[in-house]
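Okay, here's what each chain looks like letter by letter:
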Amino acid sequence: MKENINKLEIITLSDDSIYIKESFNAVLFDIILGAFLAVVVVFIFLHDWKNTLICSVAIPASLIGTFAVIHYLNFTLNDFTLLGLTLSIGILVDDAIVVIENIHRHILLGKSARMATYDAMKEIGIPAIAITFAIIAVFMPVAFMEGKIGRYFYEFAITVSASVLISLFVAFTLSPMLSSRILNKHNSEKKKFFILEKFESIFNYYENLYSKLIIFTLKNRFVTITIGLFVLIISLILLHFVPTNFTPKMDTSYFAISMQLAPNTSIPETTIRSQEIA
């Protein structure tokens, strides 16, 4: 007598991994693109590939250190840690740019690379630390938020804070060391590309306008404070017209249909109704 064997067939109705992988790859692309654009901007303003190289080294060095912190704290590469990394890309080179630009200025004053590095670090150290801890003071409290939102943003806040701290460490160690070895006065005074010279002339024009604006604001403090308060009040009023929700709407490229039949509906009839809807 043969036994009846029921075969079990498993069918994938929905696969969320496709959307998760696409979202992960999109964030990785944004990180790479952001790092590339940051390096391009640094090159445009510093006009020198050696300065740009030193600044660009700060990005992967800081990212590697941040990945080490993520691994140590048992975080995963999710939307919030990757969002923190994406946000940090532009911040990672801030300290390095400030340090290298000041070293560059001291070299133009006729100092040797090592002496320029030493004097520049002595001069810019405290402001760079203040900038970094000001950024941490903004993001770190987010890690202590309570409830479901706090759990969501805990990894985000820790990732941003860790990356900024590591970037400060890199700016105070790796960047000065490379500057003292690579930069020199001849390199700082060499002829620039025509496009960079044109950009610098435009930049100097707007720099002069900005200087005049600063002088005006310092001479007219009451007007400056009044404008600032007015902008603040208008911003708070407009905030009430901004729609709010828990999470942003996302297109996951699929939709779901629910069907409810009578409790005594048979399975064959339910199948027929489902096929009609399909």
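About the criteria used
- Residues numbered from 1 in each chain as written.
- Predicted model: local features only at pLDDT ≥ 70, side-chain atom pairs only at ≥ 80, totals over all residues.
- Heavy atoms only, no water.
- Axes fitted to C-alpha atoms, helices over the stretch in contact; angles between N-to-C directions.
- Helix = DSSP H or I, 4+ residues; strand = E, 2+ residues; numbered from the N terminus.
- Parallel < 35°, antiparallel > 145°, perpendicular 65-115°, else oblique.
- Left-handed = near helix turned anticlockwise from the far one by under 90°.
- Contact = heavy atoms within 4.5 Å.
- Nonpolar A, V, L, I, M, F, W, Y, C, P; charged D, E, K, R; others polar.
- Phe/Tyr/Trp six-rings, centres within 6.5 Å; stacked < 30°, edge-to-face > 60°.
- Buried < 20%, exposed > 50% of the residue type's maximum accessible area, 1.4 Å probe, protein only.

(A) Spatial organisation of the packing of helix α4 (residues 94-108) against helix α7 (residues 174-182). Where α4 contacts α7, the two axes come as close as 10 Å, and the packing angle between them is 30 degrees. Relative to α7, the element α4 is oriented roughly parallel. Once α4 is placed against α7, the crossing between them reads as right-handed. Contacts between α4 and α7 pair Ala96, Val99, Ile100 and Ile103 from the former with Ser175, Pro176 and Ser179 from the latter. When its residues are assigned to classes, the contact of α4 with α7 shows 5 nonpolar, 2 polar and no charged.

(B) Structural context of the packing of aromatic side chains. Enumeration according to the criterion identifies 5 aromatic pairs in this entry. Arranged with centres 6.1 Å apart and planes meeting at 70 degrees, the rings of Phe139 and Phe156 form a pair that is edge-to-face. Of the two residues, Phe139 sits in helix α5 (residues 113-139) while Phe156 sits in helix α6 (residues 147-172), which places them 17 residues apart along the sequence. Here Phe139 and Phe156 have matching classes, each one buried. Between Phe153 and Phe156, the ring centres sit 5.9 Å apart and the planes meet at 85 degrees, which makes this aromatic pair edge-to-face. You can see Phe153 and its partner Phe156 sitting in helix α6, 3 residues apart, about one turn around the helix. Among the aromatic residues, those joined into a cluster by ring pairs are Phe80, Phe139, Phe153 and Phe156.

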